[in-house]
Amino acid sequence: MTSNKKITRQAVSLFHRKIKEAERIAISGHINPDGDCVGACLGLCAYILDLDPKKKVDILLEPISEKFRFLAYADYIMQEKTEEEPYDLYFSLDCSDKERLGAFQELFEEARFTICVDHHISNQGFGDLRFIDADASSTCEILYDILEEKKISFDTAQCLYLGIVHDTGVFKHSNTTRKVMEIAGALIDKGVRPDFIIDETFYKKTYIQNQILGRALMESILLLDGRIIFSAIKKKDMDFYGIESGDLDGVIDQLRVTEGVECALFLYEKTEGQFKVSLRSNGKVDVRKIAEQFGGGGHVKAAGCTVEGNVRDIVNSISPLIDQQLEQGKDV
Ligand code: 5GP
Ligand code: MN
(Lines give C-alpha, C1' and ligand atoms only; values in the text may rest on other atoms or scores of the structure.)
(Ligands and ions follow the chains in the order given, each with its own letter.)
Protein backbone atom coordinates (compact mmCIF):
# COMPACT_ATOMS: atom_id res chain seq x y z
CA MET A 1 0.00 0.00 0.00
CA THR A 2 1.38 3.42 -0.97
CA SER A 3 0.31 6.53 0.86
CA ASN A 4 -2.90 8.11 -0.36
CA LYS A 5 -4.50 10.78 1.82
CA LYS A 6 -7.94 10.10 0.38
CA ILE A 7 -7.86 6.53 1.63
CA THR A 8 -8.17 5.77 5.32
CA ARG A 9 -6.62 2.80 7.06
CA GLN A 10 -10.09 1.79 8.33
CA ALA A 11 -11.51 1.75 4.82
CA VAL A 12 -8.61 -0.36 3.57
CA SER A 13 -9.00 -2.90 6.37
CA LEU A 14 -12.73 -3.10 5.73
CA PHE A 15 -11.96 -3.72 2.03
CA HIS A 16 -9.74 -6.68 2.93
CA ARG A 17 -12.12 -7.99 5.60
CA LYS A 18 -15.05 -7.95 3.16
CA ILE A 19 -13.03 -9.96 0.65
CA LYS A 20 -12.09 -12.46 3.33
CA GLU A 21 -15.69 -12.89 4.50
CA ALA A 22 -17.36 -13.09 1.09
CA GLU A 23 -17.88 -16.40 -0.68
CA ARG A 24 -19.43 -15.18 -3.91
CA ILE A 25 -17.94 -12.02 -5.34
CA ALA A 26 -18.75 -10.06 -8.49
CA ILE A 27 -16.63 -7.42 -10.22
CA SER A 28 -17.92 -5.01 -12.87
CA GLY A 29 -16.50 -2.03 -14.73
CA HIS A 30 -17.96 0.48 -17.13
CA ILE A 31 -19.66 -0.19 -20.43
CA ASN A 32 -17.32 -0.21 -23.42
CA PRO A 33 -14.43 -1.28 -21.15
CA ASP A 34 -11.05 0.42 -21.73
CA GLY A 35 -7.56 -0.59 -20.55
CA ASP A 36 -7.94 0.84 -17.05
CA CYS A 37 -11.33 -0.80 -16.59
CA VAL A 38 -10.14 -4.21 -17.86
CA GLY A 39 -6.89 -3.99 -15.88
CA ALA A 40 -8.74 -3.12 -12.68
CA CYS A 41 -11.33 -5.90 -13.04
CA LEU A 42 -8.86 -8.65 -13.97
CA GLY A 43 -6.19 -7.42 -11.54
CA LEU A 44 -8.58 -7.48 -8.60
CA CYS A 45 -9.89 -10.90 -9.62
CA ALA A 46 -6.32 -12.27 -9.77
CA TYR A 47 -5.52 -10.73 -6.38
CA ILE A 48 -8.58 -12.32 -4.72
CA LEU A 49 -8.00 -15.74 -6.28
CA ASP A 50 -4.29 -15.67 -5.41
CA LEU A 51 -5.33 -15.17 -1.78
CA ASP A 52 -7.93 -17.92 -1.88
CA PRO A 53 -8.47 -20.01 -5.02
CA LYS A 54 -11.67 -21.48 -3.55
CA LYS A 55 -13.56 -18.19 -3.75
CA LYS A 56 -16.14 -17.73 -6.45
CA VAL A 57 -15.42 -14.63 -8.51
CA ASP A 58 -17.54 -13.56 -11.48
CA ILE A 59 -16.40 -10.70 -13.69
CA LEU A 60 -19.54 -9.22 -15.20
CA LEU A 61 -18.35 -7.02 -18.01
CA GLU A 62 -19.10 -6.32 -21.65
CA PRO A 63 -16.86 -8.35 -23.97
CA ILE A 64 -13.31 -6.98 -24.03
CA SER A 65 -10.96 -6.26 -26.91
CA GLU A 66 -8.94 -9.23 -28.21
CA LYS A 67 -5.72 -7.42 -27.34
CA PHE A 68 -6.48 -7.75 -23.60
CA ARG A 69 -7.30 -11.45 -23.72
CA PHE A 70 -3.79 -12.63 -22.81
CA LEU A 71 -4.32 -11.32 -19.27
CA ALA A 72 -4.97 -13.86 -16.53
CA TYR A 73 -8.65 -14.60 -15.84
CA ALA A 74 -9.83 -12.93 -19.06
CA ASP A 75 -11.97 -16.05 -19.53
CA TYR A 76 -13.78 -15.26 -16.26
CA ILE A 77 -15.49 -12.35 -18.02
CA MET A 78 -19.16 -13.08 -18.56
CA GLN A 79 -22.32 -11.23 -19.45
CA GLU A 80 -24.79 -13.33 -17.44
CA LYS A 81 -24.74 -13.97 -13.70
CA THR A 82 -24.20 -17.58 -12.64
CA GLU A 83 -25.92 -17.20 -9.28
CA GLU A 84 -29.56 -16.96 -8.26
CA GLU A 85 -28.80 -15.40 -4.87
CA PRO A 86 -27.44 -11.85 -4.63
CA TYR A 87 -23.64 -11.68 -4.49
CA ASP A 88 -22.04 -11.30 -1.04
CA LEU A 89 -19.73 -8.61 -2.35
CA TYR A 90 -19.84 -6.55 -5.54
CA PHE A 91 -17.13 -4.22 -6.85
CA SER A 92 -17.78 -1.35 -9.23
CA LEU A 93 -14.46 -0.33 -10.81
CA ASP A 94 -13.69 2.73 -12.95
CA CYS A 95 -17.39 3.74 -13.11
CA SER A 96 -18.31 7.36 -12.45
CA ASP A 97 -21.91 6.42 -11.67
CA LYS A 98 -24.11 3.33 -11.37
CA GLU A 99 -25.61 3.84 -14.83
CA ARG A 100 -22.15 3.24 -16.33
CA LEU A 101 -22.44 -0.35 -15.07
CA GLY A 102 -24.93 -0.82 -17.91
CA ALA A 103 -26.77 -4.15 -17.76
CA PHE A 104 -25.19 -5.01 -14.38
CA GLN A 105 -26.49 -2.05 -12.40
CA GLU A 106 -29.35 -4.04 -10.90
CA LEU A 107 -27.12 -6.92 -9.79
CA PHE A 108 -24.79 -4.41 -8.16
CA GLU A 109 -27.69 -2.81 -6.29
CA GLU A 110 -28.97 -6.21 -5.08
CA ALA A 111 -25.60 -7.28 -3.64
CA ARG A 112 -25.19 -7.62 0.14
CA PHE A 113 -22.20 -5.28 0.24
CA THR A 114 -20.86 -2.99 -2.47
CA ILE A 115 -17.48 -1.31 -2.98
CA CYS A 116 -16.77 1.48 -5.47
CA VAL A 117 -13.22 2.25 -6.64
CA ASP A 118 -12.94 5.11 -9.13
CA HIS A 119 -10.97 8.19 -10.20
CA HIS A 120 -13.57 10.21 -12.13
CA ILE A 121 -14.05 13.73 -10.79
CA SER A 122 -17.77 13.50 -11.55
CA ASN A 123 -18.21 10.51 -9.23
CA GLN A 124 -20.67 11.66 -6.56
CA GLY A 125 -20.12 8.55 -4.48
CA PHE A 126 -22.10 5.34 -4.47
CA GLY A 127 -21.70 1.93 -2.86
CA ASP A 128 -21.34 0.96 0.81
CA LEU A 129 -17.59 1.55 0.79
CA ARG A 130 -15.96 4.12 -1.50
CA PHE A 131 -12.45 4.76 -2.73
CA ILE A 132 -12.81 7.78 -4.99
CA ASP A 133 -9.77 9.86 -5.82
CA ALA A 134 -9.93 12.23 -8.78
CA ASP A 135 -6.21 12.97 -8.37
CA ALA A 136 -5.33 9.38 -9.19
CA SER A 137 -4.22 8.65 -12.75
CA SER A 138 -6.34 5.54 -12.96
CA THR A 139 -8.50 3.13 -11.04
CA CYS A 140 -5.55 0.73 -11.17
CA GLU A 141 -3.41 3.26 -9.29
CA ILE A 142 -6.02 3.43 -6.48
CA LEU A 143 -6.21 -0.38 -6.40
CA TYR A 144 -2.43 -0.50 -6.00
CA ASP A 145 -2.81 1.87 -3.03
CA ILE A 146 -5.34 -0.48 -1.43
CA LEU A 147 -3.80 -3.89 -2.14
CA GLU A 148 -1.06 -5.37 -0.02
CA GLU A 149 2.13 -4.95 -2.04
CA LYS A 150 3.67 -8.28 -1.03
CA LYS A 151 0.52 -10.15 -2.11
CA ILE A 152 0.52 -8.63 -5.60
CA SER A 153 1.46 -11.43 -8.00
CA PHE A 154 2.83 -11.11 -11.52
CA ASP A 155 -0.71 -11.61 -12.89
CA THR A 156 -2.12 -8.76 -10.82
CA ALA A 157 0.91 -6.55 -11.49
CA GLN A 158 0.53 -6.96 -15.24
CA CYS A 159 -3.13 -5.88 -15.07
CA LEU A 160 -2.44 -2.84 -12.88
CA TYR A 161 0.43 -1.77 -15.12
CA LEU A 162 -1.84 -2.05 -18.14
CA GLY A 163 -4.47 0.20 -16.54
CA ILE A 164 -1.90 2.85 -15.64
CA VAL A 165 -0.34 2.76 -19.10
CA HIS A 166 -3.69 3.24 -20.79
CA ASP A 167 -5.09 6.01 -18.60
CA THR A 168 -1.83 7.99 -18.69
CA GLY A 169 -1.48 7.56 -22.47
CA VAL A 170 1.78 5.69 -21.86
CA PHE A 171 3.05 7.95 -19.07
CA LYS A 172 2.55 11.25 -20.83
CA HIS A 173 -0.76 12.81 -19.76
CA SER A 174 -0.73 15.39 -16.96
CA ASN A 175 -1.85 12.67 -14.51
CA THR A 176 1.62 11.06 -14.77
CA THR A 177 3.08 11.89 -11.37
CA ARG A 178 6.20 10.77 -9.58
CA LYS A 179 3.98 8.38 -7.62
CA VAL A 180 2.65 6.85 -10.86
CA MET A 181 6.20 6.21 -12.04
CA GLU A 182 7.14 4.71 -8.68
CA ILE A 183 4.17 2.35 -8.80
CA ALA A 184 5.07 1.41 -12.38
CA GLY A 185 8.60 0.69 -11.17
CA ALA A 186 7.33 -1.52 -8.36
CA LEU A 187 5.18 -3.42 -10.87
CA ILE A 188 8.19 -3.90 -13.16
CA ASP A 189 9.95 -5.41 -10.14
CA LYS A 190 7.13 -7.97 -10.09
CA GLY A 191 8.14 -9.07 -13.59
CA VAL A 192 5.98 -6.87 -15.83
CA ARG A 193 7.57 -6.21 -19.22
CA PRO A 194 6.76 -2.65 -20.30
CA ASP A 195 7.72 -3.23 -23.96
CA PHE A 196 5.33 -6.17 -24.20
CA ILE A 197 2.34 -4.52 -22.47
CA ILE A 198 2.76 -1.17 -24.23
CA ASP A 199 3.25 -2.52 -27.74
CA GLU A 200 0.72 -5.36 -27.52
CA THR A 201 -2.10 -3.34 -26.00
CA PHE A 202 -1.44 0.25 -26.97
CA TYR A 203 0.49 0.70 -30.20
CA LYS A 204 -0.02 -2.54 -32.10
CA LYS A 205 -2.72 -2.32 -34.77
CA THR A 206 -4.16 -4.78 -37.21
CA TYR A 207 -3.94 -3.91 -40.89
CA ILE A 208 -7.62 -2.95 -40.93
CA GLN A 209 -7.23 -0.80 -37.80
CA ASN A 210 -4.41 1.09 -39.50
CA GLN A 211 -6.53 1.52 -42.61
CA ILE A 212 -9.43 2.98 -40.66
CA LEU A 213 -7.03 5.26 -38.74
CA GLY A 214 -5.65 6.48 -42.05
CA ARG A 215 -9.10 7.06 -43.40
CA ALA A 216 -10.24 8.95 -40.30
CA LEU A 217 -7.17 11.20 -40.49
CA MET A 218 -7.54 11.76 -44.21
CA GLU A 219 -11.18 12.78 -43.83
CA SER A 220 -10.62 14.95 -40.74
CA ILE A 221 -11.71 18.58 -40.89
CA LEU A 222 -10.30 21.65 -39.17
CA LEU A 223 -12.63 24.28 -37.71
CA LEU A 224 -12.11 27.63 -35.95
CA ASP A 225 -8.81 28.45 -37.65
CA GLY A 226 -7.47 25.00 -36.96
CA ARG A 227 -8.15 25.02 -33.22
CA ILE A 228 -10.75 22.25 -33.49
CA ILE A 229 -10.34 19.05 -35.48
CA PHE A 230 -13.02 16.46 -36.03
CA SER A 231 -13.52 13.24 -37.88
CA ALA A 232 -16.36 10.74 -38.04
CA ILE A 233 -16.94 7.14 -39.08
CA LYS A 234 -20.40 6.03 -40.17
CA LYS A 235 -21.90 2.69 -39.29
CA LYS A 236 -22.01 1.58 -42.91
CA ASP A 237 -18.24 2.12 -43.16
CA MET A 238 -17.63 0.23 -39.92
CA ASP A 239 -19.72 -2.62 -41.35
CA PHE A 240 -17.81 -2.43 -44.64
CA TYR A 241 -14.47 -2.84 -42.88
CA GLY A 242 -15.96 -5.31 -40.37
CA ILE A 243 -14.75 -3.28 -37.41
CA GLU A 244 -16.05 -2.56 -33.93
CA SER A 245 -15.61 0.38 -31.60
CA GLY A 246 -12.43 -1.08 -30.07
CA ASP A 247 -10.78 -0.95 -33.49
CA LEU A 248 -11.01 2.84 -33.38
CA ASP A 249 -8.80 3.25 -30.31
CA GLY A 250 -6.03 5.70 -31.01
CA VAL A 251 -7.83 7.71 -33.68
CA ILE A 252 -8.71 10.48 -31.22
CA ASP A 253 -5.14 10.57 -29.84
CA GLN A 254 -3.69 11.10 -33.30
CA LEU A 255 -6.23 13.84 -34.05
CA ARG A 256 -5.33 15.60 -30.81
CA VAL A 257 -1.63 15.92 -31.61
CA THR A 258 -2.30 17.84 -34.83
CA GLU A 259 -0.31 21.06 -34.63
CA GLY A 260 -2.38 24.07 -33.61
CA VAL A 261 -5.33 21.98 -32.39
CA GLU A 262 -6.77 22.75 -28.95
CA CYS A 263 -9.65 20.32 -29.03
CA ALA A 264 -10.26 17.11 -30.99
CA LEU A 265 -13.56 15.36 -31.63
CA PHE A 266 -14.06 11.89 -32.96
CA LEU A 267 -17.48 10.44 -33.68
CA TYR A 268 -18.50 6.95 -34.61
CA GLU A 269 -22.01 5.77 -35.30
CA LYS A 270 -23.09 3.22 -32.70
CA THR A 271 -26.53 2.62 -34.16
CA GLU A 272 -28.18 4.49 -36.99
CA GLY A 273 -28.40 8.17 -36.10
CA GLN A 274 -26.67 7.74 -32.74
CA PHE A 275 -23.02 8.74 -32.36
CA LYS A 276 -20.45 8.09 -29.65
CA VAL A 277 -18.43 11.28 -29.35
CA SER A 278 -14.89 11.32 -27.91
CA LEU A 279 -13.43 14.67 -26.90
CA ARG A 280 -9.79 15.49 -26.11
CA SER A 281 -8.27 18.78 -24.99
CA ASN A 282 -4.74 20.12 -25.09
CA GLY A 283 -5.27 22.25 -22.01
CA LYS A 284 -7.49 25.21 -22.87
CA VAL A 285 -10.86 23.46 -22.98
CA ASP A 286 -12.55 21.52 -20.19
CA VAL A 287 -14.10 18.78 -22.34
CA ARG A 288 -15.83 17.13 -19.39
CA LYS A 289 -18.06 20.21 -19.03
CA ILE A 290 -19.03 19.89 -22.68
CA ALA A 291 -19.63 16.12 -22.55
CA GLU A 292 -21.80 16.62 -19.47
CA GLN A 293 -24.06 18.98 -21.40
CA PHE A 294 -24.83 16.01 -23.66
CA GLY A 295 -25.36 13.54 -20.84
CA GLY A 296 -21.80 12.19 -20.83
CA GLY A 297 -18.77 12.80 -18.65
CA GLY A 298 -15.12 11.94 -18.12
CA HIS A 299 -12.08 14.03 -17.26
CA VAL A 300 -11.00 17.62 -17.96
CA LYS A 301 -8.85 16.61 -20.94
CA ALA A 302 -10.61 13.40 -22.03
CA ALA A 303 -14.35 12.95 -22.06
CA GLY A 304 -17.14 11.37 -24.04
CA CYS A 305 -20.88 11.27 -24.63
CA THR A 306 -23.45 9.68 -26.89
CA VAL A 307 -25.55 12.01 -29.04
CA GLU A 308 -28.46 11.51 -31.46
CA GLY A 309 -28.37 13.25 -34.83
CA ASN A 310 -26.17 13.57 -37.88
CA VAL A 311 -22.46 14.43 -37.86
CA ARG A 312 -22.93 18.00 -39.05
CA ASP A 313 -25.57 18.87 -36.46
CA ILE A 314 -23.61 17.25 -33.64
CA VAL A 315 -20.38 19.05 -34.53
CA ASN A 316 -22.30 22.30 -34.99
CA SER A 317 -23.79 21.99 -31.54
CA ILE A 318 -20.50 21.13 -29.82
CA SER A 319 -18.07 23.50 -31.54
CA PRO A 320 -19.63 26.77 -30.24
CA LEU A 321 -19.17 25.45 -26.69
CA ILE A 322 -15.50 24.84 -27.41
CA ASP A 323 -15.22 28.28 -29.00
CA GLN A 324 -16.76 29.88 -25.92
CA GLN A 325 -14.14 28.31 -23.67
CA LEU A 326 -11.32 29.20 -26.05
CA GLU A 327 -12.52 32.82 -26.09
CA GLN A 328 -12.14 32.91 -22.31
CA GLY A 329 -8.49 31.97 -22.88
CA LYS A 330 -8.08 30.15 -19.58
CA ASP A 331 -6.00 27.06 -18.93
CA VAL A 332 -8.02 24.23 -17.44
P1 5GP B 1 -13.43 7.84 -24.51
O2 5GP B 1 -13.52 9.05 -25.38
O3 5GP B 1 -12.08 7.24 -24.54
O4 5GP B 1 -14.53 6.88 -24.73
O5 5GP B 1 -13.65 8.35 -23.02
C6 5GP B 1 -12.83 9.29 -22.40
C7 5GP B 1 -13.24 9.44 -20.95
O8 5GP B 1 -14.58 9.89 -20.88
C9 5GP B 1 -13.19 8.15 -20.15
O10 5GP B 1 -12.74 8.47 -18.86
C11 5GP B 1 -14.61 7.68 -20.08
O12 5GP B 1 -14.85 6.99 -18.90
C13 5GP B 1 -15.40 8.98 -20.16
N14 5GP B 1 -16.64 8.78 -20.93
C15 5GP B 1 -16.75 8.46 -22.23
N16 5GP B 1 -18.04 8.36 -22.62
C17 5GP B 1 -18.77 8.66 -21.52
C18 5GP B 1 -20.18 8.73 -21.25
O19 5GP B 1 -21.02 8.51 -22.13
N20 5GP B 1 -20.54 9.05 -19.97
C21 5GP B 1 -19.62 9.31 -18.99
N22 5GP B 1 -20.07 9.61 -17.75
N23 5GP B 1 -18.31 9.25 -19.20
C24 5GP B 1 -17.88 8.94 -20.44
MN1 MN C 1 -9.98 4.99 -15.75
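Residues numbered from 1 in each chain as written. Chains lettered and ligands numbered in written order. Predicted model: local features only at pLDDT ≥ 70, side-chain atom pairs only at ≥ 80, totals over all residues. Heavy atoms only, no water.

Here we look at the overall build of the protein chain
Along the backbone of the protein chain there are twelve helices and twelve strands. By its C-alpha atoms, the protein chain is 60 × 40 × 35 Å across when sized along the principal axes. Scored against the burial criterion, the 332 residues of the protein chain give a buried share of 52%. Considering only intrachain contacts with a sequence separation of at least 6, the fraction spanning at least 24 residues in the protein chain is 66%. In the form shown here, the protein chain has an accessible surface area of approximately 15500 Å², with 48% of it arising from carbon and sulfur atoms. If the 41 positive side-chain charges of the protein chain are averaged to one point and the 55 negative ones to another, these points end up 4 Å apart. (Helix = DSSP H or I, 4+ residues; strand = E, 2+ residues; numbered from the N terminus. Buried < 20%, exposed > 50% of the residue type's maximum accessible area, 1.4 Å probe, protein only. Contact = heavy atoms within 4.5 Å. Areas by Shrake-Rupley, 256 points an atom, 1.4 Å probe, with all protein chains shown as cover. Lys, Arg positive; Asp, Glu negative; His and termini not counted. Charge placed at Lys NZ, Arg CZ, Asp CG, Glu CD.)

Some remarks on the site of ligand 1
Not every one of the 14 residues close to ligand 1 is listed here, only the nearest: Arg100, Lys276, Ser278, Arg280 and Gly297. Residue arginine 280 places a side-chain N or O atom 2.8 Å away from an oxygen atom belonging to ligand 1. With the chains in place, 80% of the 490 Å² that ligand 1 exposes on its own is no longer accessible. Counting residues per element, the ones that place at least two in the shell around ligand 1 are β10 (274-281), β11 (297-298) and β12 (302-308). Looking at the shell around ligand 1 residue by residue, the class counts come to three nonpolar, eight polar and three charged. (Near = heavy atom within 4 Å. Polar contact = N/O pair within 3.5 Å; in protein donor to acceptor, adjacent residues only side chain to side chain. Nonpolar A, V, L, I, M, F, W, Y, C, P; charged D, E, K, R; others polar.)

With respect to helix α4 (residues 139-146)
Summarising burial for α4: eight of the eight residues are buried, a large majority. Those residues of α4 lying buried are Thr139, Cys140, Glu141, Ile142, Leu143, Tyr144, Asp145 and Ile146.

Concerning the nonpolar core
If you look at the biggest cluster of nonpolar residues, it comprises 60 residues, and the most contacted ones within it are Phe15, Phe91 and Phe131. When residues of this core are assigned to their parent elements, the largest contribution, ten residues, is made by helix α2 (residues 35-51). Once you skip the residues sitting within four places of it in the chain, phenylalanine 91 turns out to touch Phe15, Ile19, Ile25, Ala26, Ile27, Ser28, Leu44, Ile48, Phe108 and Ile115. Leu267, Val287, Ala303 and Val307 belong to the second-largest nonpolar core, a separate cluster that totals 23 residues. (Core = buried A, V, L, I, M, F, W, Y, C linked by side-chain atoms within 4.5 Å.)

A few points about the packing of helix α5 (residues 154-167) against helix α6 (residues 178-189)
The description of two helices packed together rests on the angle between their axes and the distance between the axes. The interhelical angle for the contact between α5 and α6, taken along N-to-C directions, is 150°, at an axis separation of 9 Å. One way to sum up the angle between α5 and α6 is to call them roughly antiparallel. Here α5 and α6 pass one another in a crossing that is left-handed. Residue-level inspection shows Ala157, Leu160, Tyr161 and Ile164 of α5 in contact with α6, the latter providing Val180, Ile183, Ala184, Leu187 and Ile188. (Axes fitted to C-alpha atoms, helices over the stretch in contact; angles between N-to-C directions. Parallel < 35°, antiparallel > 145°, perpendicular 65-115°, else oblique. Left-handed = near helix turned anticlockwise from the far one by under 90°.)

As for the side chain of arginine 280
Summarising the element assignment, arginine 280 is placed in strand β10. This buried residue, arginine 280, is left without a salt bridge; aspartate 253 holds the nearest opposite charge, at 4.2 Å. Dropping the residues within four chain positions of it, arginine 280 is found in contact with Ile252, Asp253, Arg256, Glu262, Cys263, Ala264, Val287, Lys301, Ala302 and Ala303. (Salt bridge = Lys/Arg side-chain N within 4 Å of Asp/Glu carboxyl O.)

What to know about helix α1 (residues 9-21)
Between its terminal C-alpha atoms α1 stretches 18 Å, which fits the 18 Å expected from 13 residues at 1.5 Å a residue. The set of residues buried in α1 consists of Ala11, Val12, Phe15, His16, Lys18 and Ile19. Buried positions in α1, seen along its axis, are confined to an arc of 155° and lie on one side of it. Exposed and facing more than 90 degrees away from the buried side of α1 are Arg9, Gln10 and Lys20. Its buried side turned inward, α1 meets β1 (24-29), α2, β4 (89-93), β5 (114-118), β6 (129-132) and α4. (Expected span 1.5 Å × (residues − 1). Arc of directions from axis to C-beta.)

A look at the sheet that holds strand β2 (residues 56-60)
Pairing is parallel in the open sheet, where six strands are placed in the order β3-β2-β1-β4-β5-β6. A single partner strand is all that each edge strand has here, and the edge strands are β3 (77-78) and β6. Packed onto the sheet, α2 meets β1, β2, β3 and β4 and runs at close to 165° relative to β1. α4 rests against β4, β5 and β6 of the sheet, and its axis sits at about 120° to β5. (Pairing = 2+ DSSP bridges.)

Here's the deal with the packing of aromatic side chains
One pass over the structure, following the stated rule, counts ten aromatic pairs. Among the aromatic side chains, those forming a connected cluster through ring pairs are Tyr87, Tyr90, Phe108 and Phe126. Positioned above the aromatic ring of phenylalanine 113 is the side chain of lysine 18, whose terminal nitrogen or guanidinium carbon lies 4.3 Å from the ring centre. (Phe/Tyr/Trp six-rings, centres within 6.5 Å; stacked < 30°, edge-to-face > 60°. Lys NZ or Arg CZ within 6 Å of the ring centre and 35° of its normal.)

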